[in-house]
Amino acid sequence: MNAEGPISQDEMLRPKKSRVKLVLLAGAVVIGGGGFFGLRAMGQAQREALQAPMDAVSTCFVGEPQTDGAAFSRAIRNAQLVEMARRDRDRGANPWPDRCLEPLGTLGQALQGAGDDKLAPVTEKLDALVEELRKPNNINRDFGNPAAAFLTAAIEAGLAPKSKAEGVEGPPAFAEPLDAAALEKNPPMLGQAFSLSNVYASPFLGEELHLLLDEKGHPKSPSICSYRPEKTTLECSQIPAPAADLSPGLRLWGTTEKGITPFVYAGERGDGGIFRSDTGKRVARFLAYGASANVDGSVQSTGWNEKEKEVSRIRQRPGEKKPTIDKLLDYDEVGNPYYNSGLFWNWLVYKGYRKGADGIRLMARYLDPKKAPGEMVDVGPIPERSIVYGENDPPHIEACRTTEAMVIRVRGEGNTFLSFHHDGTWHKPVTSPGLKGRLTCDGTQAFITSEEGTVFQSQCSVSGCKYGSVSRKKAFSELERIEPSSLEEVKVAELGGKVLLLWKAADRGGLRMRLAPIERLADAEDRVLYDDLIDDGAVGTLSTLIDMKLIPGHGYVLLLLATAKGNFPFVVDGEGAMRPVTVTMK
């Protein structure tokens, strides 16, 4: 298939399902002597007696005649990938490939009737194929390679399939997945392979998506990459010293305006230094509770002012030698600011107690990079306190933004609370169940999506949240053969308000995807994206897939595949089409 086009699963037209038994000619024609062997020495009747069942076998396995063993095996593999995802009750009483035993038996009888020792290798390979097909759960086994060995022997004996047999039902459909060879049509991302665990995405999803590679020993590390959907490219540049000298140990933090290169933070969110990723220059050094990189080249952060025992804003503008520091909050207003506050696209948000108001409140304050802090806004109540679960517990406030709205998510004890800011107005928080999952935004809606044995998604607006879940048992009911073997082999992301479910299916099921609303996810059609058992054009036993990572954007998801051939980025759009992403290096 074309690796630059979307992956599709068009079904080939099925032949008529009526069956016609192949009739063998009675008796045998004596083979004459001389320099002719195998089929050459046979009469016309014997040729037809072998050719018809040979065509029937080929038709049953792959439909149109195939005269190349490797291609024959690949075609069988592509049909197998589709058939594996069908429930037994839908496969019928005589499913593929079991129904191919009948024409194989007919051909076996015809080979015996031919009485030619030159055809013995064909019979031997046919018997091996029949033995493989008769094993339990054959649809999960490798019968494509035995079938290819049989076809190769038949072709060498002069018995190649010639035409599609009438009345013989072929395979139900063919998958069209990528394989290692298709990936190599584009150069691997950043040249040398790297661990996907060392790729860090923007912690708060804005209008653009930024990635940081921070891996010891990689020749292009550290590098910052930005994906801009209008260009369909991933634009990368290597981060210079002195920031690069602190790698590994750099991270993305805070929020970034569209078109601006993000800053990188060393140590604990900047206590080892805050650096420009384009020049590597350090602009500040302190632990940042939140940060905003702005179109004028300035960066402002919130952090703890130990001298004054208060939360301060630190502004660093282009050309300034020293930052400007403003007081924002006393400790007793916010409690522990590490967990309870954040700065997102120049909005300071925090939860705490306010004089004259009941319970915990969500507060917001706009911080213009060029002016003094604005007035405080009481957004609304947060009815639950949050609990710190350990030293590595992340902050309890996060955000995402589209061109239409910004969403703040605040963690409680058992629920999370979302507040929307759009059309210049803050809206009271609405409640979503649970504490985990990735926050994403689409227009004026927000989504929380997670997978930990159960796929969960909450869809929220200013009016409230609706949510649903699908257990692993329900998602793979009667489909154990394509069930993921571990949680590490399952990834989920929100895409256009739907759930994108990606998983590596057992040992032979390939890398698969479903895209559907949460309430229809269990019954959604599977699509095979990548066949990890194909290498150098042949069906093997070792997987070429090392890891995969989903990174959601607005109306798309970036998919990174780590394979034995290197790492390759793709974009999946809202219709589920997957296309390779061009990577440029500045």
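Residues numbered from 1 in each chain as written. Predicted model: local features only at pLDDT ≥ 70, side-chain atom pairs only at ≥ 80, totals over all residues. Heavy atoms only, no water.

What to know about the overall build of the protein chain
The following threshold applies: Helix and strand assignments follow DSSP, with helices taken as H or I runs no shorter than four residues and strands as E runs no shorter than two, numbered in order from the N terminus. Note on contacts: a residue pair is in contact if any heavy atoms of the two residues lie within 4.5 Å. All accessible areas in this document rest on Shrake-Rupley with a 1.4 Å probe, and a residue is counted as covered only by the protein chains that are shown. Asp and Glu are treated as the negative residues and Lys and Arg as the positive ones, with His and the ends of the chain left uncounted. Taken as the charge location is NZ of Lys, CZ of Arg, CG of Asp or CD of Glu.
Broken down by element type, the protein chain carries ten helices and 37 strands. Within the protein chain, residue pairs in contact and separated by at least 24 positions form 55% of the contacts whose partners lie at least 6 positions apart. With an accessible surface of roughly 25700 Å², the protein chain has 49% of that area assigned to carbon and sulfur atoms. Distance from the positive charge centre (72 side chains) to the negative charge centre (77 side chains) of the protein chain: 3 Å.

Looking at the sheet that holds strand β27 (residues 490–495)
We count it as follows: If DSSP finds at least two bridges between two strands, the strands pair. As a rule, the C-alpha atoms of each element are fitted with a line to give its axis, helices using only the stretch in contact, and angles between N-to-C directions run from 0 to 180 degrees.
Strand order in the open sheet formed by four strands is β27-β28-β29-β30, and the pairing between neighbours is antiparallel. Among the strands making up the open sheet, the edge pair consists of β27 and β30 (527–530). Strand-to-strand twist of the sheet, defined as the mean angle between neighbouring strand axes without regard to direction, takes the value 25°. Both strand β28 (residues 498–504) and strand β29 (residues 511–516) contribute to a ladder of six bridges, which runs antiparallel. Considered in β29, the bridge of L500 is made with L515.

Observations regarding the state of the cysteines
When the sulfur atoms of two cysteines share a covalent bond, that bond is a disulfide. To keep it simple, the criterion reads: Any cysteine sulfur atom paired with another within 2.5 Å is treated as part of a disulfide. Relative accessible area decides the class of each residue, using a 1.4 Å probe on protein chains only: under 20% of the type maximum gives buried, over 50% gives exposed, and in between gives partly exposed.
Using the criterion set out here, one finds four disulfides in the structure. Here C225 pairs with C236 through a disulfide, and the sulfurs are 2.0 Å apart. Here the S-S torsion is close to 110°, and the disulfide linking C225 with C236 is therefore right-handed. A residue pair is termed long-range when its members are at least 10 positions apart, and C225 in strand β3 (residues 223–228) and C236 in strand β4 (residues 233–238) qualify at eleven residues. With respect to class, C225 is no different from C236; both count as buried. Covalently, C460 is tied to C465 through a disulfide, its sulfur atoms 2.1 Å apart. Across the S-S bond of C460 and C465 the torsion is about 110°, and the bridge reads as right-handed.

Structural notes on the nonpolar core
Defined as follows: The set of buried Ala, Val, Leu, Ile, Met, Phe, Trp, Tyr and Cys residues whose side-chain atoms join them within 4.5 Å is what this entry labels a nonpolar core.
In terms of nonpolar packing, the biggest core is built from 54 residues, with F61 and L107 touching the most fellow members. Where this core is concerned, the elements lending two or more residues are α1 (44–62), α2 (69–83), α4 (101–114), α5 (120–133), α6 (144–156), β27 and β28. With seven residues, the single largest contributor to this core is α1. The residues touching F61, leaving out its near neighbours within four places in the chain, are F72, I76, W96, P97, C100, L104, L129, L133, F143 and P171.

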